[in-house]
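Structure assessment
In case you want the letters, here they are:
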Amino acid sequence: MSKRDYYEVLDVSRDASEAELKKAYRKLAMKYHPDRNQNSEDSEKQFKEVQEAYAILSDSQKRAAYNQFGHAGVDSASGMGGGPGGAGFGDIFGDIFGDIFGGAGGGSPRQSRGSDLRYSLNLTLEEAVNGVEKQIRVPKMADCVTCDGTGSRPGSEAKSCDTCGGHGQVRMQQGFFSVQQTCPNCKGQGSVITDPCSSCHGQGMSKEEKKLSVKIPAGVDDGDQVRLSGEGESGGRGASPGDLYVQVRMQKHEIFERQGDDLYCEVPVGFTKMALGGEIEVPTLSGRANLKVPAESQSEKVFRLRGKGVRNVRNGNQGDLYCKVVVETPVKLTRDQKTLLQDFEKSIADGGDRHSPRSGTWSERIKSFFDELVP
């Protein structure tokens with residue numbers, strides 16, 4: 001059975017703002033929540049449908065993918081949080097309603113997740129193009145070695161919270177709704193530490209610098225990220241750790257400039273070669289290549305070498321190399337060389353526009369310009 005359009009599910013327009021999405025979701029979630037529609041399979045299905053729609057449309061990246069490709073663009077992520085700051089449906093519901101209905105997870109204690117970390121990794125163009133494995137050191141908060149992340153002194157255990165009875169939440173009746181709130185005593189943990197660890201003082205975390213190996217796939221570009229699951233900061237006291245996002249930063253190359261999958265470079269060429277034509281040697285990332293320059297080529301003419309760029313990390317397409325040839329004016333000439341050039345210049349001038357059509361056209365335009373200025 002095909003899925004309904006997410007905007008139709010939430011009854012909002014395709015250009016709805018974030019606030020409008022949240023308002024629509026809150027209204028429908030309240031309407032179809034199982035606590036208000038017990039033993040109703042239809043309401044449960046509609047509640048899940050509303051959750052799924054909001055999970056996609058409230059995430060800017062997933063919403064963009066959905067707008068462009070429909071359900072096919074987000075099906076792989078429609079039931080998961082994914083990415084930095086991602087959250088499951090239960091977390092999204094909890095973000096909006098707080099502890100009303102006891103959150104998406106029922107009455108169990110809610111354990112926080114460790115923070116995600118970001119690490120900037122500088123790469124050369126060659127490393128980014130070919131792929132590389134790098135060793136990095138990341139300072140972070142990790143599970144305390146002394147207490148193994150429990151927060152209690154070794155040999156002792158946390159005590160069940162007397163206030164919430166170990167549930168992490170306390171229930172209150174507010175009119176029509178039965179409202180659950182995070183226990184103020186144990187902060188939702190369901191237990192309290194009576195004999196804290198001397199190393200972490202009951203936090204379950206301590207600072208450390210961890211050495212990690214990062215495999216960078218071939219073809220990455222500036223700003224691309226590699227996620228290392230579970231290598232972020234510890235959540236403490238048994239909570240799952242966050243993730244580490246290694247972000248690629250490209251170093252400037254002495255020859256090539258990269259634009260997407262294509263490479264660009266300038267090649268100095270002597271005047272004689274440009275006038276008479278011939279082959280020149282140009283650099284590529286895979287070695288040297290010969291480029292044929294036609295006779296009478298002009299300065300800054302761009303030549304394209306197909307397949308000599310970067311292979312795209314996502315689709316495998318190969319970029320191109322663009323070489324711009326630039327005339328190099330000779331310097332430190334001898335007297336004889338200057339004489340030869342002067343004789344050559346005279347012979348060119350004697351030939352008129354035949355040898356220098358652009359100069360002739362330019363002179364005519366200048367003459368016409370000044371003639372129009374004279375009253």
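Structure report, in brief. (Residues numbered from 1 in each chain as written. Predicted model: local features only at pLDDT ≥ 70, side-chain atom pairs only at ≥ 80, totals over all residues. Heavy atoms only, no water.)

1. Digging into the overall build of the protein
Regarding its fold elements, the protein presents nine helices and 15 strands. A separation threshold of at least 6 residues defines the contact pool for the protein, and within that pool the share at least 24 residues apart is 62%. Summing over all exposed atoms, the protein offers an accessible surface of approximately 23500 Å²; the carbon and sulfur share of this is 48%. (Helix = DSSP H or I, 4+ residues; strand = E, 2+ residues; numbered from the N terminus. Contact = heavy atoms within 4.5 Å. Areas by Shrake-Rupley, 256 points an atom, 1.4 Å probe, with all protein chains shown as cover.)

2. Describing the environment of G319
As for its position among the elements, G319 is in the loop between β14 (301-305) and β15 (321-328). In this structure G319 comes out as buried when scored by relative accessible area, which is 5%. For G319, the residues in contact, after removing those within four places along its chain, are D261, D262, G307, K308, G309 and V310. (Buried < 20%, exposed > 50% of the residue type's maximum accessible area, 1.4 Å probe, protein only.)

3. Comments concerning the sheet that holds strand β8 (residues 225-228)
Taken in spatial order, the three strands line up as β1-β9-β8 in an open sheet, and their pairing is mixed. Taken across any chain shown, the strands that pair with only one partner, and hence form the sheet edges, are β1 (117-123) and β8. Averaged over all pairs of adjacent strands, the angle between their axes in this sheet comes to 25°, without regard to strand direction. Of the pairings in the sheet, the one linking β1 to strand β9 (residues 244-250) comprises seven bridges and is parallel in character. Each residue of the ladder has a partner; that of L121, found in β9, is V248. (Pairing = 2+ DSSP bridges. Axes fitted to C-alpha atoms, helices over the stretch in contact; angles between N-to-C directions.)

4. Describing the sheet that holds β14
What the four strands build is an open sheet, ordered β10-β11-β15-β14; its pairing is mixed. Each edge of the open sheet carries a strand with a single partner, namely β10 (257-259) and β14. On average, each strand axis in the sheet is tilted by 30° relative to the strand beside it, whichever way the strands run. Direction of pairing for β14 relative to β15: antiparallel, over a ladder of five bridges. Note on β15: the bridge partner recorded for L305 is L321.

5. Digging into the packing of aromatic side chains
The final tally for this structure, using the stated rule, is five aromatic pairs. For the pair Y6 and Y66, a centre-to-centre distance of 4.7 Å together with 40° between the ring planes defines the contact as tilted. In this pair, Y6 is assigned in helix α1 (residues 6-10) and Y66 in helix α4 (residues 60-69), connecting sequence segments 60 residues apart. Residue classification places Y6 among the buried positions, given a relative accessible area of 2%. The class for Y66 is buried, based on a relative accessible area of 3%. Judged by centre distance (6.0 Å) and plane angle (70°), the rings of F271 and F344 are edge-to-face. Remark: F344 occurs in helix α8 (residues 335-350) and F271 occurs in helix α7 (residues 271-276); sequence separation between them is 73 residues. Feature note: the residues Y6, Y7 and Y66 constitute an aromatic cluster, connected by ring pairs. Its guanidinium or amino end placed over the ring of F303, K301 lies 5.4 Å from that ring's centre, counting from NZ or CZ. (Phe/Tyr/Trp six-rings, centres within 6.5 Å; stacked < 30°, edge-to-face > 60°. Lys NZ or Arg CZ within 6 Å of the ring centre and 35° of its normal.)

6. Quick look at the packing of helix α3 (residues 41-57) against α4
The interhelical angle for the contact between α3 and α4, taken along N-to-C directions, is 100°, at an axis separation of 6 Å. With respect to α4, the axis of α3 lies roughly perpendicular. On the side of α3, the interface is formed by A55, I56 and L57, while α4 contributes K62, R63 and Y66. Grouping the constituent residues of the contact of α3 with α4 by class yields four nonpolar, no polar and two charged. (Parallel < 35°, antiparallel > 145°, perpendicular 65-115°, else oblique. Nonpolar A, V, L, I, M, F, W, Y, C, P; charged D, E, K, R; others polar.)

7. Side note on helix α2 (residues 18-32)
For the α-helix, the turn length of 3.6 residues means that residues three or four positions removed from each other point alike. Given a rise of 1.5 Å per residue, 15 residues ought to cover 21 Å, and the 21 Å separating the end C-alpha atoms of α2 matches this to within 8%. Within α2 the residues assigned to the buried category are L21, A24, Y25, L28, A29, M30 and Y32. (Expected span 1.5 Å × (residues − 1).)

8. Remarks on α3
For α3, spanning 17 residues, the distance from its first C-alpha to its last is 25 Å, which sits close to the expected 24 Å at 1.5 Å a residue. Among the residues of α3, those classed as buried are S43, F47, V50, Q51, E52, A53, Y54, A55, I56 and L57.

9. Description of the pattern of salt bridges
Across all of its chains, the model carries 20 salt bridges by this definition. The shortest N-O distance in the salt bridge between R153 and D195 comes to 3.1 Å. With R153 in the loop between β2 (132-143) and β3 (159-160) and D195 in the loop between β6 (191-192) and β7 (205-216), this pair connects stretches of sequence that are 42 residues apart. Linked by salt bridges that have partners in common, R113, D116, R227 and D243 make up one network. (Salt bridge = Lys/Arg side-chain N within 4 Å of Asp/Glu carboxyl O.)

10. Focus: the packing of α2 against α3
Viewed as axis vectors pointing N to C, α2 and α3 meet at an angle of 165°, and their least axial separation amounts to 9 Å. Considered as vectors, α2 and α3 are oriented roughly antiparallel to each other. In this structure, α2 crosses over α3, and the sense of that crossing is left-handed. When α2 is examined against α3, the residues L21, K22, Y25, L28, A29 and Y32 are found in contact with a partner set consisting of S43, Q46, F47, V50, Q51, Y54 and L57. In the contact of α2 with α3, the residues fall into nine nonpolar, three polar and one charged. (Left-handed = near helix turned anticlockwise from the far one by under 90°.)

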